[in-house]
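Commentary on secondary and tertiary structure
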Amino acid sequence: MEMLPAKGTLSHREALLKAEQSISKIKESAGKDPSRLKYHFMAPAYWINDPNGLIFYKGEYHLFYQHYPYAAKWGPMHWGHAKSKDLVHWEHLPIALAPSEPYDLDNRGGVFSGSAVDDNGVLSILYTGTIHKDGVLIQSQCLATSFDGITFDKYEGNPVIPGPPAEGSADFRDPKVWKHDGTWYMVVGSSKDGMGKALLFNSPDLREWNYVGVLAESDGTMGTMWECPDFFPLGSRYVLMFSPMGMEERKTIYLVGDMNYATGCFTWDTMGDVDYGYEYYAPQSFLDGQGRRIIIAWLNAWDWMPWFKNFGPTSKNHWCGAMSAPRTVELDEDGRLKFKPVKELEVLRRDHYHIEQTELSPEVSLIPKYLGSDCLEIKAEFDMSGCTAEEIGFVLRDSGDGVQQTLLVYNKQTGVLSFNRSRSDGWSEGTQTATLERTGREPLMLHIFVDTSVVEVYTDSYRTVMTNNIYPDPASIGLEVFVRGGNVNITSLDIWKLRSSW
Ligand code: FRU
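Residues numbered from 1 in each chain as written. Predicted model: local features only at pLDDT ≥ 70, side-chain atom pairs only at ≥ 80, totals over all residues. Heavy atoms only, no water.

1. Some words on unusual backbone geometry
A negative phi angle characterises most non-glycine residues, just as the trans form characterises most peptide bonds. Residue Pro159 follows Asn158 across a cis peptide bond; omega there is -5°. Among the secondary structure elements, Pro159 is positioned in the loop between strand E8 (153-154) and strand E9 (172-180). A positive phi is found at Ser461, a non-glycine position, where the angle reads about 55°. Structurally, Ser461 can be placed in the loop between strand E29 (454-459) and strand E30 (464-469). If you check the backbone angles, Tyr462 has positive phi at about 70° while not being a glycine. Mapped onto the elements, Tyr462 comes out in the loop between E29 and E30. (Helix = DSSP H or I, 4+ residues; strand = E, 2+ residues; numbered from the N terminus.)

The following block contains the structure:
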């Protein structure tokens, strides 16, 4: 692994150039890996984690991301950059930010996560500079600006917030900025005495910041550190989304409530999970030109089980990490959230298979073999009113010889949907579960996106999403729908083979 140069030996521009050269050398080789995704966003090569600076700017979608451009593992953080006209096809742009200054150059730090805003046409990024002094973590909030949306200059007055207030701690990162009534606001993730929290600041100009107070904090059960907090209005309410450390399997939480800007207080009444999968972390939201609130997340999560140690087997092929499909966030009538894949993804649809009003019984094979693929969209609705089946499910990425298969199973009695990847590929492990709230009263709807090494499942009227990575052989493409213990009527089943967006 190439190490960063000693402090101050390269200017920001030189550090960016060096990073670009490193990626140029390896991207062709990384691009040949058969488990590269077909329609999810990936860096050209090497490591990627959180989405950063998501913004609809001058008519285009910009996606920045935590990036280590020297190896397929986490290292001193840079910001990679890409843009898109439709959220489906992405164009890679030059790396936007590299560690170069005393406040962000560090072998265990760098340019950490943050957000972007349009300040009268100037694309302005707020990020966390992370360094260590005498082994002690120092995180500060910093500004970088761009007139063309591609080349960024770090503000000479950085850091704009040099350290945490007394109510925070050295873990003080991931600023998310928005404007309300002509004032800029920033929420920053922090922790104190083992309680995760979100701290609120405001500013007239993105440069001078005032500490307002604690926007929300854990009651002792909601994690020890809140990473990547995101705060946004939705309908008549406000949503705080964050990725808690120390909540074990729960990786992305949302709180719905009301905001009082006069007091800086957010009072919430509804809590939920943004995603129930193993691999969905640090989602960030933005508002697009159509008024949609859209989120994108990192398709991985930090280490909490032994099998996460290597973040997937793709590192040996010089890349690691990807982004989820963009999802809209909507408020359901009871105050919970719904997450839907953006409509734009429909441009990927090609061969279409459709059946409706079909009785499915055990041991029946329904789906024609030619539909097998590692790049699919499946939308199924099952009528639960006359259902005698105990379980309804899909076999995904089946090798056909019983060696590799991934099981998605709904149990009617318990109301639990499970995603079992223990036989997916010989590498992945675990069964992830979610209890569906609506299904039973409503039909069972499963909307599934299969890409080479990721499966996103939307269900329960889009109130529940489950995202997991699997790494089957390219030839394991079998697909089947099944029932056990009785019959069910399939109201409709649509399957599309999807084309690649790359
Ligand atoms: C979340 C996170 C952030 C941090 C970044 C570093 O995944 O840990 O809190 O800014 O990743 O890469």
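2. Some details on the sheet that holds E30
Reading across the sheet, the 6 strands line up as E22-E32-E23-E28-E29-E30 and stay open at both edges, with antiparallel pairing between neighbours. The sheet terminates laterally at strand E22 (349-360) and E30, the two strands that pair on one side only. Taken over all neighbouring pairs, the strand axes of this sheet differ in orientation by 10° on average, direction set aside. Note: E22 against strand E32 (residues 488-498), 9 bridges, orientation antiparallel. (Pairing = 2+ DSSP bridges. Axes fitted to C-alpha atoms, helices over the stretch in contact; angles between N-to-C directions.)

3. Notes on the pairing of strand E26 (residues 416-420)
Relative to E26, strand E25 (residues 406-411) runs antiparallel, the two sharing 5 bridges. Counted as the bridge partner of Val409 is Ser418 from E26. Hairpin connection, E25 to E26: the antiparallel pair is bridged by 4 residues, and Gly415 has positive phi, about 75°. When E26 meets strand E27 (residues 431-435), the two strands line up antiparallel, connected through 5 bridges. Note on E27: the bridge partner recorded for Leu417 is Ala434.

4. Observations regarding the environment of Leu240
If you trace the backbone, Leu240 turns up in strand E14 (residues 237-245). Spatially, the C-alpha atom of Leu240 lies 9.7 Å from that of Val187, the residues being 53 residues apart in sequence.

5. Concerning the pattern of salt bridges
Inspection of every chain in the model, using the stated rule, returns 32 salt bridges. Note that Asp153 and Arg13 form a salt bridge whose closest N and O atoms lie 2.7 Å from each other. With Asp153 in strand E8 and Arg13 in helix H1 (residues 12-31), this residue pair connects regions lying 140 residues apart in the sequence. A single network of salt bridges, built from pairs that share partners, joins Asp332, Glu333, Asp334, Arg336, Glu437, Arg438, Glu442 and Arg463. (Salt bridge = Lys/Arg side-chain N within 4 Å of Asp/Glu carboxyl O.)

6. A few points about H1
An ideal rise of 1.5 Å per residue puts 28 Å on 20 residues; H1 measures up with 27 Å between its terminal C-alpha atoms. Taking the largest bend as the criterion, H1 deviates by roughly 35°, centred on Lys25. Against the buried residues of H1 lie strand E1 (46-57), strand E2 (60-68), strand E3 (78-84), strand E4 (90-97), E8 and strand E19 (319-320). (Expected span 1.5 Å × (residues − 1). Bend = angle between axes of the 7 residues up to and from the residue. Contact = heavy atoms within 4.5 Å.)

Nothing here speaks to function; it is all geometry.
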